Amino acid sequence: MMKDEKLREKLTIFLDQDPRKWVKSAFYSDPVVVQVMDNLYNRWEDAGRLGMPIDHASHEELVLLWNKASKYLGMSDNTARALVFNRMGSVEEERPEGKKGLFSKLFGKA
């Protein structure tokens, strides 16, 4: 079992240093990742934006995010791009009425 510090390090390297934008977009558009990231950003904001959002993740959330990231790391750009476009078409249908997403909260969009 990986320790939390190692999981944070691996996730940070993937999210900050992997140059494949479509792969990162596919990761960030994953419905499970969206939910976890919404929770992390809420905790991060509640903590006065101290540290990084990933610093506020539980062990279970870190494991879940790393498992998801591992899935996307092996994905080709073409597959990732197709997945992102597919998800973009269904975003409005999936969001409950009145529920704001992460980017809406951060950038004030409805």
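Residues numbered from 1 in each chain as written. Predicted model: local features only at pLDDT ≥ 70, side-chain atom pairs only at ≥ 80, totals over all residues. Heavy atoms only, no water.

The subject of this paragraph is unusual backbone geometry. Look at Arg49: it is not a glycine, yet its phi comes out positive at around 60°. Structurally, the position occupied by Arg49 is in the loop between helix H3 (31–46) and helix H4 (59–73). (Helix = DSSP H or I, 4+ residues; strand = E, 2+ residues; numbered from the N terminus.)

Once that is clear, we can look at the packing of aromatic side chains. Counted under the stated rule, the structure contains 5 aromatic pairs. Taking the centre distance of 6.2 Å and the plane angle of 80° together, the rings of Phe27 and Tyr72 count as edge-to-face. With Phe27 in helix H2 (residues 21–29) and Tyr72 in helix H4, this pair connects stretches of sequence that are 45 residues apart. In this pair, the class of Phe27 matches that of Tyr72, namely buried. Relative to Trp44, the ring of Tyr41 lies with its centre 5.6 Å away and its plane at 85°, an arrangement referred to as edge-to-face. (Phe/Tyr/Trp six-rings, centres within 6.5 Å; stacked < 30°, edge-to-face > 60°. Buried < 20%, exposed > 50% of the residue type's maximum accessible area, 1.4 Å probe, protein only.)

What follows covers the nonpolar core. Nonpolar side chains tend to gather and get buried jointly when the protein is soluble and globular. Core analysis: the largest hydrophobic core is formed by 21 residues, its most contacted members being Leu11, Phe27, Leu40 and Leu65. Of all the secondary-structure elements, those providing two or more residues to this core are helix H1 (4–17), H2, H3, H4 and helix H5 (77–94). Looking at this core, the element that brings in the most residues is H4, giving 5 residues. Residue contacts for Phe27: discarding those within four places in its chain leaves Phe14, Leu15, Val33, Leu65, Lys68, Ala69 and Tyr72. (Core = buried A, V, L, I, M, F, W, Y, C linked by side-chain atoms within 4.5 Å. Contact = heavy atoms within 4.5 Å.)

The packing of two helices is summarised by the inter-axis angle and the distance between the axes. Running from amino to carboxyl end, H1 crosses H2 at an angle of 125°, the nearest separation of the two axes being 9 Å. Viewed along their axes, H1 and H2 adopt a mutual orientation that is oblique. Contacts between H1 and H2 involve Phe14, Leu15 and Asp16 from the first element and Val23, Lys24, Phe27 and Tyr28 from the second. Among the residues forming the contact of H1 with H2, the class breakdown is 5 nonpolar, no polar and 2 charged. (Axes fitted to C-alpha atoms, helices over the stretch in contact; angles between N-to-C directions. Parallel < 35°, antiparallel > 145°, perpendicular 65-115°, else oblique. Nonpolar A, V, L, I, M, F, W, Y, C, P; charged D, E, K, R; others polar.)

To continue, consider the environment of Glu61. Topologically, Glu61 is positioned in helix H4. Classification of Glu61 by relative accessible area gives buried; the value is 12%. A sequence separation of 25 residues divides Glu61 from Val36, and the C-alpha atoms of the two residues are 7.0 Å apart. Excluding residues within four positions of it along the chain, Glu61 makes contact with Val36, Asn39, Leu40, Arg43 and His56. Within polar-contact distance, the side chain of Glu61 engages the side chain of Arg43 at 2.6 Å. (Polar contact = N/O pair within 3.5 Å; in protein donor to acceptor, adjacent residues only side chain to side chain.)

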